[in-house]
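# Observations on the three-dimensional arrangement
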Amino acid sequence: MPVIEVLFNDLQRLVKADLPRNLAELTDILSYVKGEAVSLEEDALSIEIKDGNRPDLWCVEGIARELKGALGVEEGLREYVVKGFSGISMEVDPRLENIRPFIGCAVVKEVHLTSEVIRELMHLQDKLDQTYGRRRRRASIGLYNLGLITPPLQFDVAKPEDVSFVPLGGEVEMTLREIVESHPKGIEYGHLVKKHERWPILRDSKEKVLSIPPIINSNNLGKISEGEEDIFVEVTGTDYRTVLNTLKIVTLSLADRGEEIFSTQVRYPYGEERVVSTPNLSVKEVRLDLNYVNQILGLSLKVDMVLKLLKRARYNVKWSGGSSIEVTVPCYRMDVMHQLDIIEDVAIMYGYNNLKPRWPQQITFGKISDFEAFSDATREVMTGLGFQETLSFSLSNDEQLFRKMNLKGEKAVELLNPTSLRFTCLQSWLIPSLMDFLSKNTHVEYPQRIFEVGDCVVPDEASETGVQNIRKLACLITHSNSNFSEIKASLNAFSINMGFKHQLFESTHKSFIEGRVGTIFVQKKQVGIIGEINPLILEMWGLENPVTGFEVNLSTLMNAT
Amino acid sequence: MVELHHLERKLLLILKDGNEADLETIQRRTGLPEASISRASLWLSSKNYLEVREKEEVFLQLGSEGRRFLEEGLPERRLIKRLIEAGGKSSIEEAKRLSRLSEEDFNVAIGWARKKGWLHIKKEGNRTLFIVQKEPEEGFDELLIASLGEQTRSLRELSSLLVKGLTELSTRPNVVHQKREVERRYILSEEGLKLIDEVKNAPQELSQLTPELIKSGQWRKLKLRKYNIQAPVENVWPGKKQAYKRFLDDLKWKLVALGFREMEGPLVEFAFFNCDALFMPQDHPAREIHDIYYIKQPSSGDLSAHSTLVNNVKATHEGGWKTGSSGWGYKFSLEETRRLILRSQGTALSARMLVDKELEIPGKYYSLSRCYRPDVVDRTHLTEFNQAEGIVIGEGLTFRDLLGILEMFATEIAGAEKVKFRPDYFPFTEPSVELSAYKEGAGWLEFGGAGMFRQEVTLPLGIEVPVIAWGLGVDRLFMMKTGINDIRELFTQDLEWLRKQRLT
């Protein structure tokens, strides 16, 4: 979840209230915005916002906006208005439709930029790009000094070799392709445009480059510095709603510092041509049912109370008689999709800890599953036979499952995106992880008897997922005299105690010594294997004592008994 | 008269011829196992009757890799030879092809060849070139491999050059196995010599009561030797449950006692049940390849048995369907929902339960499930972990019932004295809450999360009554209880630790 870096004094100034410096007390207050105070050193405060669906809370202005309501400093809707048309229009090239189709822009005039404000803006921009913008794919933000730009602007495409400019922070002019191949931002985000023949580019009427979205701004036009500036904000992306929402958050964060917002016009050529005015700061009306509020929360709140709590949550409200409340949802609350989202705000303002917990009245009978009960019985028998239970990872790799078990050509269910060579597939049998366990304990007293009940996954074309979960039991014994008779005695005891009769058939299996291995059958179904581990394998695992063991399929066994 | 254990007596009597002997001789003549001889010698030496002199010797033998090198030569030697045959200069790709080495051997060969100064690497433009001047002489490491061959040799016999070779090889796994052997000699002291006469003349005592002695009644006439009850004995260990599994078992029975019934489900799951049915939009960050494991083959499954549900969920994501929601407003992909993943959250089981024909309303359900996340494993992260999750379903359930359940968990399961609720966020619940529990000595612990399933979750699955969903951080709870601070130890491979874990 996003961690927001803010200045403590800046937050106090924006909230217009004194806040405690003690982290626990501060967290109690930040709970209103699902935040947790992570650290506070001098003026630097880190806040973790637990809500991944509230990008409006990922900046100090947004946090302050909500806290003012919760603390009673300022209640009801905070209105944001577009002061007028900035006179800037944007032409969109039809060829962008399948590349990066959407753009939204706004102008904020006479912004007083200090180094802190710039720092916080950059921080917000990065948070939005990374999380809400899905690493700039869904949306990415660009900020410019309006004074340097000559409108009208065009959002069009260019061949990577045809255009060159100086990227932000650089000194030399580079072609678009050079930027994508060698500039750090190009390397990081180049994959978003590379697959296309032509790349998105933003230029002004003098053909000067503003940026290549979503990669980097130009150094000449796309740099903002301290002082009084008119700022041009632009958001491009692949998802229309996200683009407009992101634009909204950035412009509101600037507006909260007292500046005025002006709109721009974007002309879209896709299908039927249309002109859109951005940003759109309109509010949403939602009808809330008082009975539903009380039904969900288990309370019997009166309408006045609910109205009061909603205002603290920064909604405008109007009671329209009976149980119906009209709620005006502020433009930045993109997360409000359902009445329930508003009801949660009622609960938060009421205080979760003021709600009296109660235990549900319904009577139900608890029960573990039959299969779990069966598995537990096998574990009881195995511990009774003197085996220590182990717990292993169910992710494994070909090396451990097959090569180090002297098997070739077997296939496990593999992961598409493994994070390490150790975990590349799901285990198909358990003995390998038990061998791994023994190899880590060669210095520990013998005899060693271990077992595990664990889940394996194997291909199965008949199932809806194409694979099948199988629960297995495996055990190993190792000491200087361990042999087939000993492990067979354990299997016999296991059989009798689990209430089935098994038969052994001579077989071959490369993991075991030839002539000292058998397949286990119950009710004519093959359920497992038993034998002495091949010394070739013992060598590979660095084991110097004989190892014997068996492995049975509990899923098959349960159905056979 | 000195009290002696029968083992002590046996050892003394053997030593009387010649006053000293080595382990092998004693073993041969007494037929006693090594452990018994060492125990007896330990007791005797602690009483100054005996001295044990130890001499250590190290034996060397080729390991599996060593034997392979003996046959094939060291990988770096093979690489260099092939490079010279090919003119002594080649690019990295050529070198790899020429060397005919496996990927692993090839990398090892480059590392060692550079270290040994056999190989020069030069940049020429954007090409990386390998350059070899001449065939290097045989190194000490190679000499050692050749000299060991199939035999076992003592370290003492090696020349100083071969010892150098051993140092070089010691960093390479499984090339040379070193086995330490200790030779012990047992020597009688002055006091020991005096004692022997006493021992010889003492009457025979009986150490073990046998069935024969009991049946015949002979035990009445014989003296049973006194035991040194302080003497150390061999260790034995009980067979028992793995400590963390045992903790999960306890938890399981507590949940059953609270009226919860177990849910089951597959490890390999559809994105549909793991995410889409839980109203997580398809481009949610938690569904990116950094946060969820996808299956390579088969990459997707057959959801046709659930087509009605899929259509409902699709419509809900796109525009809210009949749920009263505006939905996420994007184009839902049927391809994406069929993709197979490794279960990333236990809530997937709850989604499955809601559409199970065995679902009972009212009902309470739990699962203790293995879940997966593509983290890099370290002391605070695992790629697989356990989650305790569940649902409570029934007419008239409210947010206060949810708080009641959480409070019950905190007191009954974690033994907490105080609880605190804070607002939280999960894509599938609204309102959502986080539970902190306070326990004297442990402080506040974030211990679980919960919420009321959104209408966007329940209605598409055909559920029209409220559903409470909860999850508990069981890994953390166990770590707190046992004082473990490295999460990898939940899956410990330390047999000794497991053997000694107390059950109370």
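Only a predicted model underlies this, so the values are computations on that prediction, with no experimental measurement involved. (Residues numbered from 1 in each chain as written. Chains lettered and ligands numbered in written order. Predicted model: local features only at pLDDT ≥ 70, side-chain atom pairs only at ≥ 80, totals over all residues.)

### A closer look at the overall build of chain A
On a plain count of helices and strands, chain A comes out with 17 helices and 27 strands. A compact globule built from 561 residues should have a C-alpha radius of gyration of about 24 Å, whereas chain A, at 33 Å, is more than 25% larger. Taking the principal axes of its C-alpha atoms as reference, chain A extends roughly 90 × 65 × 55 Å. Residues counted as buried form 44% of the 561 residues belonging to chain A. By sequence separation, contacts in chain A at least 24 residues apart represent 69% of the contacts at least 6 residues apart. (Helix = DSSP H or I, 4+ residues; strand = E, 2+ residues; numbered from the N terminus. Rg over C-alpha atoms; globule rule 2.2 N^0.38 Å. Buried ≥ 20, exposed ≤ 12 C-beta atoms within 10 Å, placed from the backbone. Contact = placed C-beta atoms within 7 Å.)

### Structural notes on the overall build of chain B
Regarding its fold elements, chain B presents 20 helices and 16 strands. The principal-axis extents of the C-alpha atoms in chain B amount to approximately 100 × 90 × 45 Å. The proportion of buried residues among the 504 residues of chain B is 38%. Relative to all contacts within chain B whose residues are 6 or more apart in sequence, the contacts with residues 24 or more apart total 66%.

### What about the domain arrangement of chain B?
All names here are of chain B. Taken domain by domain, chain B holds domain 1 (1-62 + 139-234), domain 2 (64-136) and domain 3 (246-266 + 344-500). Every contact between the two is made by 10 residues of domain 1 and, on the other side, 9 residues of domain 2. Tallied by class, the residues present in the side of domain 1 that touches domain 2 amount to 5 nonpolar, 3 polar and 2 charged. (Domains from an automatic or database assignment. Nonpolar A, V, L, I, M, F, W, Y, C, P; charged D, E, K, R; others polar.)

### Quick look at the interface of chain B and chain A
Facing the 83 residues of chain B at the interface are 80 residues of chain A. Element by element, the count of residues in the side of chain B that touches chain A is highest for helix 17 (residues 399-412) of chain B, at 8 residues. Here the residues of the side of chain B that touches chain A sort into 37 nonpolar, 21 polar and 25 charged.

### A few points about the packing of helix 1 (residues 8-15) of chain A against helix 3 (residues 60-70) of chain A
All names here are of chain A. It is the contact of helix 1 with helix 3, at a shortest axis distance of 9 Å, that shows an interaxial angle of 45°. Between helix 1 and helix 3, the angle falls in the class oblique. When you trace helix 1 past helix 3, the crossing you get is right-handed. Residues Asp10, Leu11, Leu14 and Val15 of helix 1 form the contact with helix 3, whose participating residues are Val60, Glu61, Ile63, Ala64, Leu67 and Lys68. (Axes fitted to C-alpha atoms, helices over the stretch in contact; angles between N-to-C directions. Parallel < 35°, antiparallel > 145°, perpendicular 65-115°, else oblique. Left-handed = near helix turned anticlockwise from the far one by under 90°.)

### Remarks on the sheet that holds strand 2 (residues 35-41) of chain A
Residue and element names in this part refer to chain A. On the basis of which strands lie adjacent, the open sheet formed by 3 strands has the order 1-3-2 and antiparallel pairing. Only two strands of the sheet have a single neighbouring strand rather than two, namely strand 1 (3-7) and strand 2. Taking each pair of neighbouring strands and ignoring which way they run, the sheet shows an average axis angle of 25°. In the packing of helix 1 onto the sheet, contacts are made with strand 1, strand 2 and strand 3 (44-49), and the angle to strand 1 comes to roughly 80°. (Pairing = 2+ DSSP bridges.)

### A short note on the environment of Ser90 of chain B
All names here are of chain B. Take Ser90: it is sitting in strand 3 (residues 89-91). The class for Ser90 is partly exposed, based on 19 C-beta atoms found within 10 Å. In contact with Ser90, not counting residues within four places along its chain, are Leu83, Ala95, Leu98 and Phe130.

### Here we look at the sheet that holds strand 15 (residues 443-453) of chain B
Whenever strands of a sheet pair, they do so through backbone hydrogen bonds, lying parallel or antiparallel. Residues and elements named next belong to chain B. The sheet built from 7 strands is open, its strands ordered 8-11-12-16-15-14-13 with mixed pairing. Unpaired on one side and paired on the other, strand 8 (261-262) and strand 13 (418-423) mark the two borders of the sheet. Bridge count for strand 12 (residues 384-393) against strand 16 (residues 467-472) is 6 bridges, and the pairing is antiparallel. Each residue of the ladder has a partner; that of Ile393, found in strand 16, is Val467.

### Re the nonpolar core
Ranked by size, the top nonpolar core spans 226 residues in total, and within it Leu406 and Ile468 of chain B carry the most contacts. Sorting elements by how many residues they give to this core places helix 8 (residues 240-255) of chain A first, with 8 residues. Dropping the residues within four chain positions of it, Leu406 of chain B is found in contact with Val419, Leu435, Gly448, Ala450 and Trp470 of chain B. (Core = buried A, V, L, I, M, F, W, Y, C linked by C-beta atoms within 7 Å.)

### Remarks on unusual backbone geometry
Negative phi is the rule for most residues except glycine; trans is the rule for most peptide bonds. With an omega of -5°, the peptide bond between Gln297 of chain B and Pro298 of chain B qualifies as cis. Looking at the element boundaries, Pro298 of chain B is found in the loop between helix 13 (271-274) and helix 14 (307-319). Between Ile361 of chain B and the following residue, Pro362 of chain B, the backbone shows a cis peptide bond with an omega angle of 0°. The residue Pro362 of chain B is located in the loop between helix 16 (347-354) and strand 11 (363-372) in this model. Positive phi is not limited to glycine here, since Gln523 of chain A has a value of about 50°. The topology assignment puts Gln523 of chain A in the loop between strand 25 (512-522) and strand 26 (525-533). Phi at Asn174 of chain B takes a positive value of approximately 60°, unusual for a residue other than glycine. Here Asn174 of chain B lies in the loop between helix 9 (160-169) and strand 7 (176-188). Residue Asn174 of chain B is classed as partly exposed on the basis of its C-beta count, with 15 C-beta atoms lying within 10 Å.

### Quick look at the pairing of strand 23 (residues 467-478) of chain A
All names here are of chain A. Among the 12 residues of strand 23, 9 are classified as buried, and the element is accordingly described as predominantly covered. With 12 bridges joining them, strand 22 (residues 448-459) and strand 23 adopt antiparallel strand pairing. Across the sheet, Asp455 pairs through a bridge with Arg471, a residue of strand 23. Two elements, strand 23 and strand 27 (residues 547-553), share 7 bridges in a ladder whose sense is antiparallel. By the bridge assignment, Ala474 is partnered in strand 27 with Glu551.

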